[in-house]
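# Remarks on the overall topology
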Amino acid sequence: MSVLIYADSSEGTFKKSAFEVVSYGKKVAELLGTNTVALSINAADNDQLFKYGAEKVLCVSDETLNDFNAKSYASVIQQAAVAENATVVIIDSGNNGLYMGPMVSVNLNAGYTTNVVSLPNLDNGFTVKRNAFSTKAFNHTNISTDIKVIALAKNSYGIIENAVSGVVEDFTPSISANSLSVASVEKTTGKVTIGDADIVVSGGRGLKGPENWGLVEELAEVLGAATACSKPVSDLGWRPHSEHVGQTGKPVASNLYIAIGISGAIQHLAGINASKVKVVINTDPEAPFFKAADYGIVGDAFEVVPKLIEKLKEFKAQNA
Amino acid sequence: MKVLVCISHVPDTTSKINFKDDNTQFDANGVQFVINPYDEFALTRAMWLKEKQGATVTVITVGNNTTEPTLRKALAIGADAAIRVDVEATDGFSVAKQLAEVVKSGEYDVILGGKESIDFNGGMVPGMLASFLDFNFVNACIGLEIEGTTATVEREIDGGKEIIKAELPIVIAGQKGLVEEKDLRIPNMRGIMMARKKPLTVVTPVECSNATASTSFEKPVAKGAVKLVDADNIDELISLLHNEAKVI
């Protein structure tokens, strides 16, 4: 028996989420009294995963897997799960993880749950707590199949060091071609993505127009944060859709979320609720966001944000 | 081209979420149900395939008869026919199995749906459906063009997007970008009248066992009151974020 964790990487480097799922997987394996096996595809520095508890890393090196192909990757995970006799398979909630999760599940005839935020409760079978109703509630789901596939919600367990002495083994799965191929990839480089960011700075209609986004960008730069926006802002075309966060936009689960000029409609809050600490800056003290936030400033963003940027620069200089 | 759009019947985005029966059931009392917003993008894209490329569009849901107004709304928006698989949807794995049975007998070329429903947020049915059928599948789609038997699909990736080429038949799980918000359609009177005459077929479910079961629900713990900081005292905010929240 084992717990198999897929550790996602990009251009050979493990994503931050890989360390979180391995940390989580180690704990699940401990609860089940079994081994922790991680699987990597075309990643370097596989021994990094030992630090988070992987006792074995199955390392796949195959040029045909350079482009992410969900069907091929799902097949590799299935083969690894069978080889390691895995009873639990864990993936992250990145775009790749959520793409292949359902395929892995069908391949292994396994029950699958996403948005998982807790360790399994083994008192009555295998039950996990997960976000549902777009983070307006939690749902406890029992998985009754022999093999369970879990997609861990981002930033829900944390990266926890639990060093073990592990081994790296080459794993050579059989890969069959399929009639789906990646023609091109466009990635913004040098910018923190909303998915990866520890801090997200988000602007709403209170900023009055796209010409004022310099404020959001500068604050984000000082904090090493990603920039985001509310739905009306992306609908008005002030900012690209890829920045829209909220119920029908991107979900945010950062450590810190700063909302500037966003009133806090229920649909917006649903998408950002998983963030640990929320700060709101808004002129209207009645804005619903103040009920959801941890810290708030009632004030004009055009006065508050430049001061905040200046003070943060001083703070960063002192604490560098 | 035959297009099937999978639709979930979900509480409206503004709904307050409550539970009943000792927190084991969703309380639908006073809740308005709508077409799942992610599925609405898919439905609108299907309408374009109908209008520009002559596709026929069927909508489908798995659920009991309370879901029929949602299917009728999809018909009023312009779908040609609707199918309801007559079983309550309680598990993504079995919902995908039920859908797969219908697809097998229907010879569909393109199957569209949203990437997740806004109630259970499972995000699994389209991918499982594709796997059961051995069809191509693209998740988190933000653009779709179909020419002949080839689909060109834009997929959102972490920090960008990629263009995928794939052969039909294909399952597409969409989100905003597949069409824009402004492109979404509201049924007009004529559509509503016509929808009454369009076929809504009720299909008997196949035998299949669930892989998962919802056991209970829980509401997030009410959070403490916001700590207000004076606009002239930014230092205090920085200090709170550093010393108390420990996030900077």
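Fair warning: this is a prediction, and the values are worked out from it, not measured in the lab.

The helix and strand tally for chain A stands at 8 helices and 17 strands. A compact globule built from 320 residues should have a C-alpha radius of gyration of about 20 Å, and chain A, at 21 Å, falls within 12% of that. Projected onto its principal axes, the C-alpha positions of chain A cover 60 × 45 × 45 Å. Taken over 320 residues, chain A has a buried fraction of 57%. Considering only residue pairs separated by 6 or more positions, chain A has 65% of its internal contacts joining residues 24 or more positions apart.

If you tally the helices and strands in chain B, you get 6 helices and 15 strands. On the principal axes, the C-alpha backbone points of chain B span a range of 65 × 45 × 40 Å. Expressed as a percentage of its 248 residues, the buried residues of chain B come to 48%. For chain B, the share of sequence-separated contacts (at least 6 apart) that also reach a separation of at least 24 residues comes to 72%.

Time to look at the pairing of strand S7 (residues 81–85) of chain B. Residues and elements named next belong to chain B. Judged from the 5 bridges that link them, strand S6 (residues 56–62) and S7 form a sheet pairing that is parallel. Bridge pairing in S7 places Thr-58 opposite Ala-81. Tracing the backbone out of S6, into helix H2 (residues 68–77) and back to the parallel element S7 gives a crossover that is right-handed. Here 4 bridges tie S7 to strand S13 (residues 200–203), and the two strands are oriented parallel to one another. By the bridge assignment for S13, Val-85 is matched with Val-203.

We now examine the interface of chain B and chain A. In this assembly, 60 residues from chain B lie in contact with 70 residues from chain A. Broken down by element, the side of chain B that touches chain A gets its largest block of residues, 8 residues, from strand S11 (residues 160–167) of chain B. Each residue belonging to the side of chain B that touches chain A can be placed in one class, and the counts come to 30 nonpolar, 17 polar and 13 charged.

Residues and elements named next belong to chain A. When cut into domains, chain A gives domain 1 (2–170) and domain 2 (199–319). Computed from C-alpha atoms alone, the centre-to-centre distance between domain 1 and domain 2 is 32 Å. Every contact between the two is made by 8 residues of domain 1 and, on the other side, 7 residues of domain 2. Of the residues that constitute the side of domain 1 that touches domain 2, the class distribution is 1 nonpolar, 5 polar and 2 charged.

So, on to the packing of helix H2 (residues 70–83) of chain A against helix H3 (residues 95–107) of chain A. Between two packed helices, the angle of one axis relative to the other and the distance separating the axes together describe the packing. Residue and element names in this part refer to chain A. Taken N-terminus to C-terminus, the directions of H2 and H3 make an angle of 45°; their axes are 9 Å apart at the nearest point. The angle between H2 and H3 places the two elements in the oblique class. For the crossing formed where H2 meets H3, the hand is right-handed. Counting all contacts with H2, which are made through Ala-70, Lys-71, Tyr-73, Ala-74, Ser-75, Ile-77 and Gln-78, the residues of H3 involved are Tyr-99, Met-100, Met-103, Val-104 and Asn-107. Split by residue class, the contact of H2 with H3 holds 8 nonpolar, 3 polar and 1 charged.

The strand order across the open sheet formed by 10 strands is S12(A)-S11(B)-S10(B)-S9(B)-S12(B)-S8(B)-S1(B)-S6(B)-S7(B)-S13(B), and the pairing between neighbours is mixed. Strands with a single pairing partner mark the edges of an open sheet, and in this sheet they are strand S12 (180–187) of chain A together with S13 of chain B. Each strand of the sheet is rotated relative to its neighbour by a mean of 30°, with strand direction disregarded. Bridge count between strand S8 (residues 110–114) of chain B and strand S12 (residues 170–174) of chain B: 5 bridges; the pairing is parallel. Bridge pairing in S12 of chain B places Ile-111 of chain B opposite Val-171 of chain B. The strands touched by helix H1 (residues 37–53) of chain B within the sheet are strand S1 (2–6), S6, S8, strand S9 (136–147) and S12 of chain B, with S8 of chain B carrying the most contacts at an inclination of about 150°.

This part covers the nonpolar core. Ranked by internal contacts, the top residues of the largest apolar core, which has 172 residues, are Ala-7, Val-89 and Ile-90 of chain A together with Val-5 and Ile-172 of chain B. Split by domain, this core shows at least three residues from each of two domains, domain 1 (2–170) and domain 2 (199–319) of chain A.

The 6 strands lie next to each other as S14(A)-S13(A)-S15(A)-S16(A)-S17(A)-S15(B), forming an open sheet whose pairing is parallel. In this open sheet, the two edge strands, each paired with only one partner strand, are strand S14 (226–229) of chain A together with strand S15 (227–228) of chain B. In the sheet, strand S13 (residues 199–203) of chain A pairs with S14 of chain A via 4 bridges, with the strands oriented parallel. Considered in S14 of chain A, the bridge of Val-201 of chain A is made with Thr-227 of chain A. The strands touched by helix H8 (residues 301–319) of chain A within the sheet are strand S15 (256–260), strand S16 (277–282) and strand S17 (295–298) of chain A, with S16 of chain A carrying the most contacts at an inclination of about 130°.

It is worth spelling out the packing of helix H3 (residues 92–106) of chain B against helix H4 (residues 125–133) of chain B at this point. All names here are of chain B. Close contact between H3 and H4 brings their axes to 8 Å; oriented N to C, the two are set at 50°. Judged on the interaxial angle alone, H4 and H3 are oblique. The handedness of the crossing between H3 and H4 is right-handed. Between H3, through Gly-92, Phe-93, Val-95, Ala-96, Lys-97, Leu-99, Ala-100 and Val-103, and H4, the contact on the second element is made entirely by Val-125, Met-128, Leu-129, Phe-132 and Leu-133. Considered class by class, the residues forming the contact of H3 with H4 number 11 nonpolar, 1 polar and 1 charged.

All names here are of chain B. By secondary structure assignment, the location of Phe-26 is in strand S4 (residues 25–26). On the neighbour-count criterion, Phe-26 (22 C-beta atoms within 10 Å) is buried. Residues Phe-26 and Thr-215, spaced 189 residues apart in sequence, show a C-alpha to C-alpha distance of 11 Å.

A word on the confidence of the model for chain B. Regions with low pLDDT should not have their predicted coordinates read in detail. Mean pLDDT over chain B works out to 96, with 100% of the residues at or above the 70 mark. Among the scores for the predicted complex, ipTM is 0.95 and pTM is 0.94.

Attention now moves to H1 of chain B. Residues and elements named next belong to chain B. The terminal C-alpha atoms of H1 lie 24 Å apart, and with 17 residues this matches the ideal 24 Å at 1.5 Å per residue to within 8%. In terms of burial, H1 is largely enclosed, as 12 of its 17 residues are buried. Where H1 is concerned, the buried positions are Pro-37, Tyr-38, Asp-39, Glu-40, Phe-41, Ala-42, Leu-43, Thr-44, Arg-45, Ala-46, Met-47 and Leu-49. Phi turns positive, to about 70°, at Gly-54, one or two residues after H1.

This part is about H2 of chain A. Residue and element names in this part refer to chain A. Between its first and last C-alpha, H2 extends 20 Å over 14 residues, near the 20 Å set by a 1.5 Å rise per residue. The element H2 is largely enclosed, with a buried count of 11 among its 14 residues. Inspection of H2 places Ala-70, Lys-71, Ser-72, Tyr-73, Ala-74, Ser-75, Val-76, Ile-77, Gln-78, Ala-80 and Ala-81 among the buried residues, and these make up the whole buried set. One or two positions beyond H2, positive phi appears at Asn-85, with a value near 55°.

Procedures and definitions
Residues numbered from 1 in each chain as written. Chains lettered and ligands numbered in written order. Predicted model: local features only at pLDDT ≥ 70, side-chain atom pairs only at ≥ 80, totals over all residues. Helix = DSSP H or I, 4+ residues; strand = E, 2+ residues; numbered from the N terminus. Rg over C-alpha atoms; globule rule 2.2 N^0.38 Å. Buried ≥ 20, exposed ≤ 12 C-beta atoms within 10 Å, placed from the backbone. Contact = placed C-beta atoms within 7 Å. Pairing = 2+ DSSP bridges. Right-handed = clockwise from strand over helix to strand, strands pointing away. Nonpolar A, V, L, I, M, F, W, Y, C, P; charged D, E, K, R; others polar. Domains from an automatic or database assignment. Axes fitted to C-alpha atoms, helices over the stretch in contact; angles between N-to-C directions. Parallel < 35°, antiparallel > 145°, perpendicular 65-115°, else oblique. Left-handed = near helix turned anticlockwise from the far one by under 90°. Core = buried A, V, L, I, M, F, W, Y, C linked by C-beta atoms within 7 Å. pLDDT = per-residue confidence, 0-100. Expected span 1.5 Å × (residues − 1).

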